[in-house]
Amino acid sequence: MFAIETINLEKTYAVGFWRKKPRVALRPLNLAVEEGEVFGFLGPNGAGKTTTLKLLMGLVLPTGGTARILGKSINEAEVKAQIGFLPEQPYFYDYLTAKELLEYYARLSGVEPKERTGKIDAMLERVGLKESAHVQLRKFSKGMLQRVGLAQAILHDPKVVFLDEPMSGLDPTGRREVRDLMEELKQQGKTVFFSTHILSDAEALCDRVAVIHRGELRGIGRVAELTASVAGKVEMIWNGNAVPAGFSGLGAECHISGDTIRAALPEAQQEAALEILRRERLRLISLTPVRSSLEEYYLQKVNSAAKPAGVAQ
Amino acid sequence: MSRVVHIASNTFREAVRDRVLYNLVAFAVLLSGAAILVGQISIDIERLVVVNLGLTAVSLFGVVIAIFIGIGLVSKEIEKRTLYTVLSRPVRRWEFIVGKFFGLTGTLVVNTVCMAIGVFAALLYVSHKFQASDRWILVALYFIVLQFLILCSLTLLFSSFSSPLLSAVFAFSLFVIGSFAEDLRGFAGMSHGLTQGLATGAAYLVPNFSALNVIGQVAHEQAISGRLIAYNTGYALAYSAMAICGAVLIFERRNLK
Ligand SMILES: Nc1ncnc2c1ncn2[C@@H]1O[C@H](COP(=O)(O)OP(=O)(O)OP(=O)(O)O)[C@@H](O)[C@H]1O
Ligand SMILES: [Mg+2]
């Protein structure tokens, strides 16, 4: 049994005054996420990530296909009790305090009355909102709302957690904390499905990632395998005013400005390039990796022309 | 079922925190001002004036609240996206609609009870005692609550598919037209042929608020028949149940923005 499974799930919005114009938000999507997996959903703005999550939550109705969570139809109340959802840029009843909101949601999710208060206090502590527990949400900052959003998503101890851009709006400490929190969820054996633009987070956290672009799945696979298939790049800067001869054969892009030269070249050629510099007695100023290999993979998938996704599992 | 109760009580809490009940202050000022004024100038018609004015104010204040809150109940939650984290929980869409309905009618009932106490206090002030026919005032208040039931279900119905402004226009027009429902039925009976069919259909489709308005009668201390009470109760329950069903059917098929 898969934790999350979509079968030809698709969505076309009708737009325009007469709702005649179709806008394809998601082409038939087939995806299966194992239980206990942390799955990253990557794609540029407008790719269809949020649409997919809303379809999975039953907030918008699919124009075709179906989705199953924990082997059951997404509309069953039993399933809904097992999932948690953080929408993108979450907004809540602003006349409630953080604590009241969590209380209300705990009730709706059917958390046992005797566990309720304890769970809510622990959760507020965990997302760093203990001091603001009795402040009305209309007085919350964006990042604080994001924290409330995280709290409400995992409050009822769901088995599958869906997070739409969990890091957005958070300060560096907040991001770190969310990463730790997601690690913790993984330790507890929960399935986490999250969308993000931050590839380093995806690389650090995910077992598998999928890349979608223009509503179409462009690639899916284990992070380790994807990054093995594409190499990253490094940037080298050294003193000099002419590009040494050997560099053209390394696939490097060089730019000269004043008496420094900047070259971007594949990670694999790094040693060869350093060797040339040493031989020519040129002084290296810096050497930095510019793109992680996941980023390279992502850009490759997003920039490639539309074609059926190669499934690498 | 308990989820309906949670949603209803949260809706009530929202109304209270949005200071909706502050309208009671305006009501109290209006009513006590009127009571003091008629107490000074008129002979024998104090009761008539206080009952008429009091009950009309109860009705109008309630209608305004029902429309103002009702039009936003669903559309505001969709607009602000507060619904996402509610409907991704084990809450069915019909439970949300029904919960909202009871939350709003609950708010109106509380509001009406407070106002009713005010009306009786004003009555006591001008005529120094209660009399047997005052019980018909209770019936008139009950009918006003039945009006609110219908109006809430209608605003909820409109709110489930149109913008707040349009919902307000629809609901208010229906309230005005419905207040002349009996006249409409009369006119319809006088026309002929196809027009008669259409006019009769329209006259019976709009909510019959005129049968629910007995303020004039009770102000003149006339009795209200048991038959009318039974008819109005059945009518209001059936009408609002149908409107709620309509709202649920529409809302079940909606994509959230
Ligand atoms: N309610 C709607 N009506 C019409 N079109 C919509 C609607 N919601 C989304 N779309 C369209 O569907 C496409 C996918 O949007 P979606 O919100 O899923 O993107 P996303 O991947 O979440 O992007 P982002 O990274 O910016 O959040 C976009 O082209 C968008 O214009
Ligand atoms: Mg999005």
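About the thresholds
Residues numbered from 1 in each chain as written. Chains lettered and ligands numbered in written order. Predicted model: local features only at pLDDT ≥ 70, side-chain atom pairs only at ≥ 80, totals over all residues. Heavy atoms only, no water. Axes fitted to C-alpha atoms, helices over the stretch in contact; angles between N-to-C directions. Helix = DSSP H or I, 4+ residues; strand = E, 2+ residues; numbered from the N terminus. Parallel < 35°, antiparallel > 145°, perpendicular 65-115°, else oblique. Left-handed = near helix turned anticlockwise from the far one by under 90°. Contact = heavy atoms within 4.5 Å. Nonpolar A, V, L, I, M, F, W, Y, C, P; charged D, E, K, R; others polar. Buried area = accessible area lost by both parts, 1.4 Å probe. Salt bridge = Lys/Arg side-chain N within 4 Å of Asp/Glu carboxyl O. Polar contact = N/O pair within 3.5 Å; in protein donor to acceptor, adjacent residues only side chain to side chain. Donors = N, O, S within 2.8 Å, 3.2 Å for Na, K, Ca; no water. Buried < 20%, exposed > 50% of the residue type's maximum accessible area, 1.4 Å probe, protein only.

### Some details on the packing of helix 1 (residues 2-17) of chain B against helix 6 (residues 93-127) of chain B
All names here are of chain B.
Okay, so step 1: Look at helix 1 against helix 6: their axes get within 7 Å of each other, and the N-to-C directions meet at 45°. With respect to helix 6, the axis of helix 1 lies oblique. For helix 1 against helix 6, the interelement crossing comes out right-handed. Contacts from Arg 3, Val 4, Ile 7, Ala 8, Thr 11, Phe 12, Glu 14 and Ala 15 of helix 1 reach helix 6 at Trp 94, Glu 95, Phe 96, Val 98, Gly 99, Lys 100, Phe 102, Gly 103, Leu 104, Gly 106, Thr 107 and Val 110.
Okay, so step 2: In the contact of helix 1 with helix 6, the residues fall into 11 nonpolar, five polar and four charged.

### Quick word on the interface of chain A and chain B
Okay, so step 1: Counting from both sides, the interface comprises 31 residues of chain A and, opposite them, 28 residues of chain B.
Okay, so step 2: Together chain A and chain B conceal approximately 2800 Å² of surface at their shared face, both sides included; 53% is due to carbon and sulfur atoms.
Okay, so step 3: When the buried area of chain A at its contact with chain B is split by residue, Leu 59, Tyr 95 and Leu 108 of chain A rank highest and sum to 26% of it.
Okay, so step 4: Joining chain A to chain B, the criterion identifies one salt bridge.
Okay, so step 5: Linking Glu 100 of chain A and Arg 17 of chain B is a salt bridge whose minimum nitrogen-to-oxygen distance equals 2.8 Å.
Okay, so step 6: In this structure, the connection of chain A to chain B is made through 18 residue pairs in polar contact (both at pLDDT 80 or more).
Okay, so step 7: The element that contributes the greatest number of residues to the side of chain A that touches chain B is helix 3 (residues 98-108) of chain A, accounting for five residues.
Okay, so step 8: For the side of chain A that touches chain B, the per-class residue count stands at 17 nonpolar, six polar and eight charged.

### Some points on the coordination of the magnesium ion (ligand 2)
Residue and element names in this part refer to chain A.
Okay, so step 1: Coordination of the magnesium ion (ligand 2) by the protein comes from Thr 50 (OG1) and Glu 88 (OE), over a distance range of 1.9 to 2.5 Å. With Thr 50 in helix 1 (residues 49-56) and Glu 88 in the loop between strand 6 (83-86) and helix 3, this pair connects stretches of sequence that are 38 residues apart.
Okay, so step 2: Of the residues examined, Glu 88 reaches a relative accessible area of 28% and is grouped as partly exposed.

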